[in-house]
Amino acid sequence: MGAWHELAQHALYLFNLLTILYFFAGNGIYTVLMLVSIGSALVYNRRRAYEDLREIREAPSTPPLTVIIPCCNEEASILETVRSVLGADYPGLRLVVVDDGSTDGTADLLIEQFHLTPVKLITRSALPTRNVFGYCQGAGSPVVTLLRKAHGGKADALNAGINFCRTPYFCTLDADCLIEPDALLRLMAPIVRSPGEVVVSSGTIRVRNGCEVSNGRVQRVLLPRRRIERLQVVEYLRWFLLGRAGWDLLGGTLLVSGAMAVFHRQSVMDAGGFDARSVGEDMELIIRLHHEAGRKRKRARLTFTLGTVCWAQCPSSVEMLGRQRRRWQLGLCQAVAAHWKMSFRPRYGAAGLFSLPFYIFVESAGAAVEFIGYVVVPLAFATHLALLSFYIPLVVLSLVYASFLSIGAVLIEEMTDRPYPAARDLFTLIKWSVLENFGFRQLVLYFRFQGLLRFFGGARQWETVAHTTDEPASGGS
Amino acid sequence: MPPLRTELIELILVCSFVIVVVSLLLVACAVWLRFKAAHHSDRLKLFRSLVTQALTAQSDARNGYQAALAVLRANFARRRCPELEQALLDCVRSTGAVDAGRRIADDLGVLERWRQGLGAQPRMNGRFRFHRRPGFLTRARCASNVAAIRDRASWKSLTTALDDPHPDVQRAALRAIAELNEPQSAHVLAGLLAACSAPPLRGAISERSLRAAWAHMPSAQRVQILPLLTQSTGRIRRLALEIYAQPSPPNGAAESRASRRTPSIEIPHSLLNEIAADPDAEVRARAADLLAISADGRAEETLRALLDDSAWFVRLHAVRAVAARRCPNGAEWIEGMITDPHWRVRESAAHALSGWGSEGLDRLSATFQSTADAYARDQIAEALETSGHSASLNGVSVEAQSANGANAGIVPKTS
């Protein structure tokens, strides 16, 4: 019994060391990212005074762009999404909606609303995809094309859209997202202004739940009513304004939201397109683009703009949240596991040296460390192996630090777009920045841990997230 | 195994306390920013109305202008008032009263500050002789502002700013030079173009930025580009041709895209012939684009020669140019391109003929029956269908089946 007790104490001691190391490494990196993001926000805000999007709109050299919307059973939201793209301010815009084997009325709705007529076009399969059934096209401007194909998943649908696309750049857009009128100009600005090495451009995605929407536009920005949605608003702020803005400035962007991003078509095709076997196809492609660039010793920039480009729906129920987070964690693990050899290799720049190790050790494995911590600590108390006087301050520190980072993200939002106009919204966001650590964070951790287990269990299936459309107003839709 | 030390616990508690204090500071910052933004918004509204009054008073030639200026001056005491600057620029952009706006900026001393901010050189300051210069954000903003109010006196400073160490300032200066639209700007832009022998261009100016700047210049100014067409570097010749062929928008891109096929000024035919025989295939391809809009009748023979070019994309551009020019024998020439080894040339040729009227449709039909090239037939079928001639396609399919057997139908690749 004594030997067992001593062994358990040794194990607990090692676990404590691991936890403290994980805590300081993870939060240290997040703090650096926050400081970098604050600097980035300061510059972004002042740059807006002289960076004129008219230059992009009016220049004859601005490349045309194809927006690809993959959709499967999205009849509830597809019309608003297509309208938002048709109302976007961009010269030379084309739109391809890829119907990935919908069994509801998605395709019929599009055909009816946008007066699409069947056309016969050659299907070029530069990237392998499931069978394409046919095309319908509208006569208006920008040209809307509906591509109908057998169900193969989001990555497969995107690849079909890329095969059809003829423009040097394409923009992926989720079927439940609304884009800002100048979003495409903003995303293309770094591409137009740089001498040609930008392969991906992305921006800040915000939560659409609760906002007033009509004619494909977010007319009035409001915080969602449900707590679970409000908590996700804070999460989105932290991911985009703190995480991605920071990594962008450090040159280590590894995660681009699949909801909306602009890609250089040839670079994506050279890399083999989206991986239909991956659940996190967007991240997997980004890592592959880094890999290709490193292999060919080419410079490939991935840029991120702090400006809001798109409004996405977040899950409104715990069940849907669970599905989404399990899928994200599974996708993350698949992507980093497939490319772990890039870690700590200077050839791949900041992505290989810093980002990938961070995503492997902090974002992927961190879920396990944190979850096991929540299990081990009560057990240690129960068996009198751990001291309450040590764990309580550690737990307090972790909660305080997490709140600090979320508040930092809210501050960055105040420095940039500040979309929530009411003063009380600021206090609501600060309040939820603190409250998310009591229950919500643990719930998300549980889902992430499930995702991790599914990865080790070899799961590959895509969990569908259904959204409820309960915007305050949807007139004109 | 060492026990967990009390010092560690104390350290954790101290860290927690520090983080709580910093978090509270961040909250205070956020609240301060929110109130500052509200204050900024109120001041902006006030200045917009005051600037509008001053603009109206100036245009009405009433005596109220000085009074309006006095009210404006009374509302800003600091050396720099961002709300006033923003309100002034907003009003100038929305009303188009550039001259009046410039006068107000001049009278209020704002213009002088912008000029100083743009042209300021690093200077020795104080006994420690350290360099002090406005930051790149200020320099870029000043460049943008002087262009917005068309301050021609800043032109020289803007050309100097093209050599600024920061790319943002370079880009803003380039855009400002183009917007000022001074006759001597073309010479500066041509100089930038000539300097781009190897990527990147000077500093961080991209090809697209340079092309966008040229798009603001009047067509007549593009004569400055012609000497660059004989440069030894293929990249310069290609870029020069692209810029030469691009339209100059009078009122934005919509018009420019609509008038894309409008020739700007004519290139001498001898020079056009020279660039059509350029060793660089990219240049020859761009030459085909220019030949499409050239008013010289001899351009057609040159285009005919380009249809036999060794580079597929030169042939592609030539096919499009022949179709755009509607050369008298063009349909016959393009018919020969339907069996081109490269699919994009075939596709382009098929589309060109499908839009050529009855002669083009007849030639497509004839080629469909006669050719053994399944890919060419495939593309003919697609071209006919997308151009709304599916009726002729049905007829053609039947004819083809009877002429060439079962395998002459539309190839399975067509969806």
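Residues numbered from 1 in each chain as written. Chains lettered and ligands numbered in written order. Predicted model: local features only at pLDDT ≥ 70, side-chain atom pairs only at ≥ 80, totals over all residues. Heavy atoms only, no water.

## Description of the overall build of chain A
At step 1: When helices and strands are counted, chain A shows 14 helices and twelve strands.
At step 2: Here the C-alpha radius of gyration of chain A, 23 Å, is about what a compact globule of 477 residues would show, namely 23 Å.
At step 3: Along the first, second and third principal axes, the C-alpha set of chain A runs to 80 × 50 × 45 Å.
At step 4: Buried positions account for 62% of the 477 residues belonging to chain A.
At step 5: In chain A, 81% of the contacts between residues at least 6 apart in sequence involve partners at least 24 apart.
At step 6: By element, 59% of the accessible surface of chain A is carried by carbon and sulfur atoms, the whole surface being about 18300 Å².
At step 7: A gap of 5 Å separates the mean positions of the 49 positive and 41 negative side-chain charges of chain A. (Helix = DSSP H or I, 4+ residues; strand = E, 2+ residues; numbered from the N terminus. Rg over C-alpha atoms; globule rule 2.2 N^0.38 Å. Buried < 20%, exposed > 50% of the residue type's maximum accessible area, 1.4 Å probe, protein only. Contact = heavy atoms within 4.5 Å. Areas by Shrake-Rupley, 256 points an atom, 1.4 Å probe, with all protein chains shown as cover. Lys, Arg positive; Asp, Glu negative; His and termini not counted. Charge placed at Lys NZ, Arg CZ, Asp CG, Glu CD.)

## Considering the overall build of chain B
At step 1: A tally of regular secondary structure across chain B gives 21 helices and two strands.
At step 2: Here chain B, with 415 residues, has 50% of them falling under the buried criterion.
At step 3: Put simply, 68% of the contacts in chain B that link residues at least 6 apart link residues at least 24 apart.
At step 4: For chain B, the accessible surface area stands at approximately 19100 Å², while carbon and sulfur atoms represent 55% of it.

## Comments concerning the interface of chain B and chain A
At step 1: The partner chain A presents 60 residues to the 58 residues of chain B that form the contact.
At step 2: Interface area for chain B against chain A, summed over the two sides, is near 5300 Å², with a carbon-plus-sulfur share of 66%.
At step 3: At the boundary of chain B and chain A, one finds two salt bridges.
At step 4: For B:Asp168, the salt bridge goes to A:Arg47, with nearest N and O atoms at 2.4 Å.
At step 5: Summed over the shared surface of chain B and chain A, the number is eight residue pairs in polar contact (both at pLDDT 80 or more). (Buried area = accessible area lost by both parts, 1.4 Å probe. Salt bridge = Lys/Arg side-chain N within 4 Å of Asp/Glu carboxyl O. Polar contact = N/O pair within 3.5 Å; in protein donor to acceptor, adjacent residues only side chain to side chain.)

## Side note on empty space enclosed by the protein
Residues and elements named next belong to chain A.
At step 1: By the definition in use, this model includes six cavities of 30 Å³ or more.
At step 2: Considering only enclosed or pocket space, the second largest cavity measures out at about 50 Å³ in volume.
At step 3: Taken together, Thr204, Ile205, Arg206, Val207, Val233, Tyr236, Leu237, Phe240, Leu241 and Tyr420 make up the full set of residues lining the second largest cavity.
At step 4: Of all elements in the fold, only strand S8 (198-207) and helix H7 (227-250) reach the threshold of two or more residues within the lining of the second largest cavity.
At step 5: The leading source of residues in the lining of the second largest cavity is H7, at five residues. (1 Å grid on protein atoms, 1.4 Å probe; cavity = no way out; pocket = protein on both sides within 12 Å on 5 of 7 lines; lining within 4 Å. Points joined across faces, edges and corners; volume = space filled by probe spheres on them.)

## Focus on the packing of H7(A) against helix H10 (residues 318-338) of chain A
Residue and element names in this part refer to chain A.
At step 1: It is the contact of H7 with H10, at a shortest axis distance of 11 Å, that shows an interaxial angle of 25°. Relative to H10, H7 is oriented roughly parallel. In this structure, the crossing between H7 and H10 has a hand that is left-handed. Facing H7, whose interface residues are Ile228, Gln232, Glu235, Tyr236 and Trp239, H10 presents Val318, Leu321, Gln324, Arg325 and Trp328. (Axes fitted to C-alpha atoms, helices over the stretch in contact; angles between N-to-C directions. Parallel < 35°, antiparallel > 145°, perpendicular 65-115°, else oblique. Left-handed = near helix turned anticlockwise from the far one by under 90°.)

## Notes on the state of the cysteines
Residues and elements named next belong to chain A.
At step 1: One pass over the full model with this rule turns up zero disulfides over all chains.
At step 2: Not part of a disulfide, Cys71 finds its nearest cysteine sulfur in Cys72, a span of 7.6 Å.
At step 3: The cysteine Cys136 is free of any disulfide, with Cys71 supplying the nearest cysteine sulfur at 12 Å.
At step 4: By relative accessible area, Cys136 is classed as buried at 6%. (Disulfide = S-S within 2.5 Å.)

## Looking at the pattern of salt bridges
At step 1: A full pass over the atoms with the stated rule returns 43 salt bridges over all chains.
At step 2: Its salt-bridge partner being A:Arg206, residue A:Glu413 comes within 2.5 Å of it at the nearest N-O pair. Of this pair, A:Glu413 sits in helix H12 (residues 388-415) while A:Arg206 sits in strand S8, and the two are 207 residues apart along the sequence. Like A:Glu413, the residue A:Arg206 is buried in the burial classification.
At step 3: Beyond isolated ion pairs, a larger network of salt bridges with shared partners links B:Arg211, B:Arg238, B:Glu242, B:Glu282 and B:Arg286.

## Examining the environment of A:Ser317
All names here are of chain A.
At step 1: Structurally, Ser317 can be placed in the loop between strand S12 (301-312) and H10.
At step 2: Residue classification places Ser317 among the partly exposed residues on the basis of a relative accessible area of 29%.
At step 3: Separated by 27 residues in sequence, Ser317 and His290 have C-alpha atoms that sit 36 Å apart.

## Describing the packing of aromatic side chains
At step 1: Inspection of every chain in the model, using the stated rule, returns 17 aromatic pairs over all chains.
At step 2: When the centroid spacing of 5.3 Å and the interplanar angle of 45° are considered together, the rings of A:Tyr236 and A:Trp239 count as tilted. With a gap of three residues between them, A:Tyr236 and A:Trp239 both fall in helix H7, about one helical turn apart.
At step 3: A relative accessible area of 24% places A:Trp239 in the partly exposed class.
At step 4: Linked through ring pairs, A:Phe23, A:Phe24, A:Tyr401 and A:Phe404 together constitute an aromatic cluster.
At step 5: Lying over the aromatic face of A:Phe240, A:Arg244 brings its terminal NZ or CZ to 4.3 Å of the ring centre.
At step 6: The lysine or arginine in question, B:Arg326, covers the ring of B:Trp356, its NZ or CZ lying 4.7 Å from the ring centre. (Phe/Tyr/Trp six-rings, centres within 6.5 Å; stacked < 30°, edge-to-face > 60°. Lys NZ or Arg CZ within 6 Å of the ring centre and 35° of its normal.)

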